[in-house]
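Structural characterization, general
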Amino acid sequence: MRMNDQIHFCPPARVVIGCGSRHQLPALLARLGYRSGVLVTDTYFSGSTPWVREYIDAAAALGIKTIVFDGGLPDPTTTLCDDATRIVRAHLGGNTPDHVIALGGGSNIDLAKAMCVTLPEGRPVDDFKSAMPAAPHALPLIALPTTAGTGSEATPGAILIDPENATKIAVMDNVLRPVIALIDPEYTYTCPPRVTADSGIDALTHAVESYLTLDSFDFSRDGHPDPGYSGRSALTMLFAREAIDLCARHLLRCYHDGSDQEARVGMAYASHYAALSYGSAGLNAVHGTAYAVAGLTHKTHGSTNAVMLPYVLDALRETRAEEMVTLARLFGIADADEARAARRLPAVIRALVAELGIPANLREFGIAEEELPRLTEDALAVTRLARAFPVADVPAAYARIVRRAWDGVLDADTEADTEADVVADVEADSEDRTGR
Ligand SMILES: NC(=O)c1ccc[n+]([C@@H]2O[C@H](COP(=O)([O-])OP(=O)(O)OC[C@H]3O[C@@H](n4cnc5c(N)ncnc54)[C@H](O)[C@@H]3O)[C@@H](O)[C@H]2O)c1
């Protein structure tokens, strides 16, 4: 308990988790009275897995009709959303579906989420991008994540790319939160290593960032009676801590061996627990700077988070000293000296990022030195994230983080007892985590 917490926690109404749990879905939807759905996915799932056919047939046997839209693409654009809306409405022939199902990674879930507001009237998604009308009408969404992951199955936002200026826009409201999040870890068994790494580091970032973010009692809700994000609390931190522990144990394992089912299940839980944390607490500087990095490089969401995470952690050693020690322990850093343990945490995370095959500094990520001021400016422009970074001078902190991320320098590199000590420690921790 924390006496000052001001909790506004918005989980999905039903969370179903378990290997093979996908087979429960048709009966659950029939019991809830759903009769006419739209399943949003991509051609990988409709063409290379039995999951779409299996679901359609089992649901039809229970009287649920489903239209399949399998035109989902990674990082969906507003244009894709509007095209998909038009195509599906033409199929519906004037009828309105009573639910939408998303099958896929964060991209398909976000596309489906946005379609929950565009399908009823066929309006362009642009109409919903900044300020949602009060209590907008949204179709109920059932999310079936196949990556571990973005956690979009538990968040209020859909992230789409505006092709006009290549920036990401958010369609956001608590009415967009899925009513059912069904996490069947078996869906993730087919993820290739690159998708496993990118989505797994995304889950870790969600957990770490929300564990360290602004407290709920300091978080400005701007008078909103139903805020999507409202700062960290004992409740969100509970889920974040568990998610970080699960990531520390399982992320590298399932990256190195995709057939390690225990590790896959561990990451499926980690991803959802991280979402139960950040989906109410919110995020800050890692995502803020990562959005700007993505704007310049068009690299994946997970990898842009990964490259920034160690440097943002480094900037929080003073304001989040105690929490950093907790995280260091979860990553097996055993130094008796707590300050040293906290200082080593960002270096251990940087080693993890590198082991996942992701560049561990902005230079190697393809950012030119002269782009750093613009990158900092773009990151600060995402004010809802900048405001939640728990340091006194956010612009100065962002500028330093970006500079050090480009140089690839952490405090542990310059303040360590000796550089050789740190390298040896990081290698030892990496071996502990992977069990190799
Ligand atoms: N709304 C939110 O709260 C939120 C949060 C974080 C990220 N996002 C968004 O999520 C997107 C990234 O999602 P992602 O990391 O899950 O990847 P993704 O959905 O973009 O999928 C990447 C690729 O992996 C494939 N894939 C997915 N699952 C697979 C499986 N089980 N087997 C084989 N292939 C599979 C997909 O077909 C796709 O080609 C970004 O657009 C990001 O902006 C949204």
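Conventions and cut-offs
- Residues numbered from 1 in each chain as written.
- Predicted model: local features only at pLDDT ≥ 70, side-chain atom pairs only at ≥ 80, totals over all residues.
- Heavy atoms only, no water.
- Pairing = 2+ DSSP bridges.
- Helix = DSSP H or I, 4+ residues; strand = E, 2+ residues; numbered from the N terminus.
- Axes fitted to C-alpha atoms, helices over the stretch in contact; angles between N-to-C directions.
- Contact = heavy atoms within 4.5 Å.
- Parallel < 35°, antiparallel > 145°, perpendicular 65-115°, else oblique.
- Left-handed = near helix turned anticlockwise from the far one by under 90°.
- Nonpolar A, V, L, I, M, F, W, Y, C, P; charged D, E, K, R; others polar.
- Expected span 1.5 Å × (residues − 1).
- Buried < 20%, exposed > 50% of the residue type's maximum accessible area, 1.4 Å probe, protein only.
- Polar contact = N/O pair within 3.5 Å; in protein donor to acceptor, adjacent residues only side chain to side chain.
- UniProt positions renumbered as here; feature names shortened; annotations may be inferred.
- Domains from an automatic or database assignment.
- Buried area = accessible area lost by both parts, 1.4 Å probe.
- Near = heavy atom within 4 Å.
- Areas by Shrake-Rupley, 256 points an atom, 1.4 Å probe, with all protein chains shown as cover.
- Salt bridge = Lys/Arg side-chain N within 4 Å of Asp/Glu carboxyl O.

Turning our eyes to something else, we now look at the sheet that holds strand β5 (residues 141-145). Judged by pairing direction, the sheet is parallel, and its 6 strands sit side by side in the order β1-β8-β5-β4-β2-β3 without closing on themselves. Unpaired on one side and paired on the other, β1 (14-17) and β3 (65-69) mark the two borders of the sheet. Adjacent strand axes in the sheet meet at a mean angle of 15°, parallel and antiparallel pairs treated alike. Here helix α3 (residues 51-61) sits on the sheet in contact with β2 (36-40), β3 and β4 (99-104), set at roughly 160° to β3. Lying over the sheet, helix α4 (residues 78-92) contacts β2 and β3, oriented at roughly 150° with respect to β3.

Attention shifts here to the packing of helix α11 (residues 321-330) against helix α12 (residues 338-355). Two elements in contact, α11 and α12, have axes separated by 8 Å at closest approach and are oriented at 70°. Between α11 and α12, the interaxial angle falls into the category roughly perpendicular. Here the hand of the crossing between α11 and α12 comes out left-handed. For the pair formed by α11 and α12, the contact residues are Met-324, Val-325, Leu-327, Ala-328 and Arg-329 on the first element and Glu-338, Ala-341, Ala-342, Leu-345 and Pro-346 on the second. Residue classes in the contact of α11 with α12 are distributed as 8 nonpolar, no polar and 2 charged.

Compared with the 30 Å implied by 1.5 Å per residue over 21 residues, the 30 Å span of helix α8 (residues 261-281) between its first and last C-alpha is a close match. Taken across its 21 residues, α8 has 16 buried, putting it largely inside the fold. The opening residue of α8, the one whose side-chain oxygen lies 3.3 Å from the backbone nitrogen of Glu-262, is Asp-260. Just beyond α8, the residue with positive phi is Gly-282, at close to 95°.

What follows deals with unusual backbone geometry. Located in the positive-phi region is Asp-75, a residue other than glycine, with phi close to 50°. Within the fold, Asp-75 resides in the loop between β3 and α4. Here His-298, not a glycine, exhibits a phi torsion of approximately 60°, which is positive. Tracing the sequence through the fold places His-298 in the loop between α9 (285-297) and α10 (301-314). On the basis of relative accessible area, His-298 is assigned to the exposed category, the value being 57%.

Taking the numbering used here, the UniProt-annotated feature "domain: Fe-containing alcohol dehydrogenase-like C-terminal" (unreviewed entry) corresponds to residues 235-381. Segment residues 235-381 splits into 73% helix and 0% strand. End C-alpha atoms: 29 Å apart.

What follows deals with the domain arrangement of the protein. Here the domain parsing of the protein yields domain 1 (14-188) and domain 2 (191-434). A C-alpha centroid distance of 28 Å is found between domain 1 and domain 2. Of the residues lining the interface, 24 residues belong to domain 1; the matching set on domain 2 comes to 27 residues. Summed over both partners, the interface of domain 1 with domain 2 buries about 2000 Å², with 59% contributed by carbon and sulfur atoms.

As a structural note, the neighbourhood of the ligand is formed by 28 residues, with Asp-75, Gly-106, Ser-107, Thr-147 and Thr-155 the closest of them. Interatomic distance of 3.0 Å between a side-chain N/O atom of Asp-42 and an oxygen atom of the ligand. In this structure, Thr-155 approaches the ligand through a side-chain N or O atom, which is 2.7 Å from an oxygen atom. In the complex, 87% of the free accessible area of the ligand, which totals 870 Å², lies under the protein chains. Of all the secondary-structure elements, those providing two or more residues to the shell around the ligand are α2 (43-48), α5 (106-118), β6 (157-162) and α6 (193-211). When the residues that make up the shell around the ligand are grouped by side-chain class, the tally is 9 nonpolar, 13 polar and 6 charged. Mapped onto the domain boundaries, the shell around the ligand takes at least three residues apiece from domain 1 (14-188) and domain 2 (191-434).

Before going further, it helps to examine the side chain of Arg-320. Residue placement: Arg-320 occurs in the loop between α10 and α11. Leave out the neighbours within four places in its chain, and Arg-320 touches Leu-212, Thr-213, Leu-214, Asp-215, Arg-232 and Pro-390.

Opposite charge on two side chains permits them to pair, given that their charged atoms come into close proximity. A full pass over the atoms with the stated rule returns 29 salt bridges. A salt bridge links Arg-320 to Asp-215; the nearest nitrogen and oxygen atoms lie 3.9 Å apart. Placement of Arg-320 in the loop between α10 and α11 and of Asp-215 in the loop between α6 and α7 (234-256) is noted, with a sequence separation of 105 residues between them. For the pair formed by Arg-320 and Asp-215, the shared burial category is buried. Through salt bridges with shared partners, a single ionic network connects Arg-2, Asp-5, Asp-215, Arg-232, Arg-320 and Glu-323.

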